[in-house]
Structure formats: structure tokens, C-alpha cells
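# Tertiary structure, described
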Amino acid sequence: MTSPQIAILGAGTFVKTQYIPRLAEISHLFFLKSIWSRTQESAQAAVDIARNHFPQVECKWGDSGLKDILSDASILGVAVVLAGQAQVDFSLRLLKEGKHVLQEKPAASSISEVEAALSQYNSIFAESPSRPIWAVAENYRFEPIFAESKKLMPHIGEMMSVQVIVEGSMNSSNPYFASTWRRNFAGGFILDMGVHFIAGLRMLVGCELESVSALTSHVDLSLPPPDNISSLFKLENGCSGVFQMIVASRSPKITWRVVGLTGTLQIERGSKDGKQGYTVSLYNSDGQCTSYFYPFSGVTEELKAFIHDISNFKAGSSFEADPRLSFAEGARDVAVLDAMLESAGKGGNLVHVRKF
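Conventions and cut-offs
Position labels on residues start from 1 in each chain and follow its written sequence. Given that the model is predicted, a residue must reach a pLDDT of at least 70 before its local features are reported, and side-chain atom pairs must reach 80 or more before they are shown or counted; all residues, however, enter totals for whole chains, interfaces and linings. Just so you know, side-chain values use all the structure's heavy atoms and leave hydrogens and water out. Between the N-to-C directions of two axes lies an angle of 0 to 180 degrees, each axis being a line fitted to C-alpha atoms and, for a helix, fitted only over the stretch in contact. Strands here mean DSSP runs of E at least two residues long; helices mean DSSP runs of H or I at least four residues long; both are numbered from the N terminus. Two helices that cross are described as forming a left-handed crossing if the nearer one is turned anticlockwise from the farther one by less than a right angle, and a right-handed crossing if clockwise. Two residues form a contact once any of their heavy atoms are found within 4.5 Å. Residue polarity is assigned by list, with Asp, Glu, Lys and Arg as charged and Ala, Val, Leu, Ile, Met, Phe, Trp, Tyr, Cys and Pro as nonpolar; anything else, Gly included, falls into the polar class. A strand pair is defined by DSSP finding two or more bridges across the two strands. In what follows, salt bridge is the name for a side-chain nitrogen of Lys or Arg lying within 4 Å of a carboxyl oxygen of Asp or Glu. Note on classification: 1.4 Å probe, protein chains only; a residue is buried when its accessible area is under 20% of the maximum for its type, exposed when over 50%, partly exposed between these limits. Boundaries between domains were set according to an automatic or database domain assignment. Buried area counts how much accessible surface, traced with a 1.4 Å probe, disappears from two parts once they are put together, with both parts' losses summed. The rule for a disulfide is simple: a pair of cysteine sulfur atoms within 2.5 Å.

On to the packing of helix α1 (residues 13–25) against helix α9 (residues 298–312). For any two helices packed against each other, one specifies the crossing angle of their axes together with the interaxial distance. Look at α1 against α9: their axes get within 9 Å of each other, and the N-to-C directions meet at 65 degrees. Crossing of α1 over α9 shows right-handed handedness. In this structure, α1 uses F14, Q18, Y19, R22, L23 and E25 to contact α9, whose residues at the interface are V299, T300, L303 and I307. Per-class residue counts for the contact of α1 with α9 are six nonpolar, two polar and two charged.

To continue, consider the sheet that holds strand β4 (residues 75–80). As a general point, the strands of a sheet are linked pairwise by backbone hydrogen bonds and lie either parallel or antiparallel. Strand order in this open sheet of six strands is β3-β2-β1-β4-β5-β6, and the pairing throughout is parallel. At either margin of the open sheet sits one strand with a lone partner, and together these are β3 (58–61) and β6 (134–137). Geometrically, the sheet is characterised by an average inter-axis angle of 20 degrees between neighbouring strands, direction not taken into account. By the bridge criterion, four bridges tie β4 to strand β5 (residues 100–104) in an arrangement that is parallel. Residue pairing across strands places V78 opposite V101, the latter belonging to β5. Taken strand by strand, α9 contacts β1 (5–9), β4, β5 and β6, and its axis lies near 165 degrees from that of β5.

Taken as a whole, this structure holds 20 salt bridges when the rule is applied. Here D333 ties to R202 by a salt bridge, and the two come within 2.8 Å at their closest N and O atoms. Here D333 is found in helix α10 (residues 327–345), whereas its partner R202 is found in helix α8 (residues 188–205), with 131 residues between them in sequence. The salt bridge involving E236 is made with K355; its shortest N-O contact spans 2.7 Å. Linking E236 in the loop between β9 (228–235) and β10 (240–246) with K355 in the segment after β15 (351–352), this pair joins segments that are 119 residues apart in sequence. According to the relative accessible area criterion, K355 is exposed, its value standing at 51%. Connected via shared salt-bridge partners are R141, R202, E208, E329, R332 and D333.

Moving on to the sheet that holds strand β11 (residues 248–260). What the nine strands build is an open sheet, ordered β14-β13-β12-β11-β7-β10-β9-β8-β15; its pairing is mixed. Each edge of the sheet is formed by a strand with only one pairing partner; in this case those strands are β14 (289–295) and β15. Contacts between helix α6 (residues 144–152) and the sheet are confined to β11, β12 (264–272), β13 (275–283) and β14, with β13 contributing the most and set at about 5 degrees to the helix. On top of the sheet, α8 reaches β7 (159–169), β8 (209–217), β9, β10, β11 and β12; it is set at about 150 degrees to β10, its chief contact.

Below, the discussion takes up the domain arrangement of the chain. Often the size quoted for an interface is simply the accessible area lost on bringing the parts together. Along its sequence, the chain is organised into domain 1 (5–138 + 299–322) and domain 2 (140–296 + 334–352). Domain 1 and domain 2 are separated by 27 Å when their C-alpha centres are compared. Taken together, the contact pairs 19 residues of domain 1 with 17 residues of domain 2. Of the roughly 1600 Å² buried where domain 1 meets domain 2, counting both sides, 63% is carbon and sulfur surface. If you look at where domain 1 meets domain 2, you find one salt bridge.

Let us now look at the state of the cysteines. A full pass over the atoms with the stated rule returns zero disulfides. The cysteine C239 is free of any disulfide, with C207 supplying the nearest cysteine sulfur at 7.9 Å.

Okay, structure coming up:
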């Protein structure tokens, strides 16, 4: 089977530091045809890095470069790695031209944008027997820690309480700190970063969040508001929990903890033997603890899944793409944060999470 040709829209930090190196790890699976950005300077900077691994990659920029990609029938899939406010718009343009799309998270900037986007997508392909794949890149759904931890959940018995504590490290030394689009994004870093932790939560507990009550604050004025959120939530299985996120902490820490009748399971971000990743600890009823460490691999695995899907997609067939990549999954993450932010705007009133 001929390797599929793909393109990348975007040439920012995440493309340079994650997409290009991770794609290089699986370069035998595809052909990277082009990288596009709004300006030639930006596109060229990314292409110069990419040519260390993909010597034939083309540099595209501006309106003419975008038209080239839209009209190039040899390009099957496009990764959209742009400002959060622009991604849905660009994705729909590509989908309309029959391109499969891997859009970076978050799926949208709000629930209203999610609903409008899905309505337009359904309208474009209302008469079509098959639709191009619209995937959302949420690498936490591909981190092995969450799939493996979910298998351990039966060992803790019936869930009694869930805690997600995120003390982030978004300060001036972080390459995304000065990101203009994130500072003008509804929900700021809370929404942009928060979808990761909600994705991990939903995978771990295996059910959806039903309702939330939240409060926010803005303390660190070097960050866009809000920079803190504290929320109570109720799962559809009746269990309650806490989601607390601080965008910038002097002592970063990220944990998911589920307390059950017969044990406790905790996931914590950290490092081991020089590798960044997650440790899962399972505490049984006797207080004994068993731990496992899993290095990060989510970005590579999600890219591999997308390339596999577009390679095997056949128009009119019953082929189903990896559900972890679906736009609906990304929408569900946004729905939770959107409900929390709505609740905070109403002084902590209970808000039900929209269903997708």
C-alpha cells in the first residue's frame, strides 16, 4: 500500500518541538508533503527543522500556499495546529475539499462553537455516503497510563470519591506563556490546558460527568483570567468528585485519585530514570501499594492512529476510525470545562454538562 501524503497547517512551537520529532519516529508510515503557515518566515523555520527528517517537504505560506494544499488531490490528511480561535474554520475548509483532518485540541473554544461546527459538518456532507475523518488530537487518550489504569479500577471496588488536582507550571519560562491566542481565548489556559485533565478523568472513571458547580478566581495578573478553578462534579454513576486547577504553581503537581470501597488508585505525573511520564499506584484493602511507571508516548500514538485510519479509509465503506480521535470525544472534554466556566459565571450555580 502506498504511504499516504500529509500536510501540516501551522509552524509554531508545538509543531517544531512535538509534531516534527514525533512524526520522524514513524516516518515509514507516510510522506510529509508540505508545511504551511501564514508567513513565509514562519513556514520556512519549521521546514528547515523538518528537512532533517523529511528532505522533500515543501514550504507553503499565505493564501496561495493554502490553496495549493486544498487543491492537491495527493494530500489525504492534514494536521491543523493553529491558534485555537482559527482551527475549526480551517478544519471545515479542508473537510469540504475531502481532506481528512487531525485538529489539535481543544475541539473548539466553546459549546456554541462545537454545535455550530457539527451543524456545518453535517450540512456539508448531508447527501454524501461517507464523510472524511474529522479527528481531534487529544494525546492523553493515547497515553498508556490511562488505558492500563482503567483495567485496575475493578480492584478498588465501588467508587466513593474522585479527585483531580492540577497545579500547573505556566510561567515565563514556559514556551507557551506568551502565546497571544491563548491570552485572547475564552477560558484562557484553563480551557486550553484543562481539556487534557478532563480527558484523563473521563478515561479513568469510564463514564461521563453529569453536572458541575464551580468558582474561579484571577490572582496571577501575568496570566489571562481565570487562572484558578475549583469545581465539584457528579458522575453519571452517582459518584461525586473534585476538580481543582491552578495554572501556575511554584510546586507543580498533577494527580488523579479515585477512592473505592476496597482500595485507592492514584496517577501522578513525574519522572523516572530520566524519562517524563506517569506513575500509577494501586493501594489495596491491606494498605499495600503496587506501582507502575509509563513514559509519555501519547503524541506519537495519536499520530500513528490517524495515519492508520486515513490509510485504511475507503469512501462508502463501513470503516470506523479510532473513537479516541473523534471530534465528539474532544467536544465532550470542552463541554465539561464550558459547564464549569458557566457555573463560575453564575456564582457557582449547578450546571448540567451538555451531551454529545
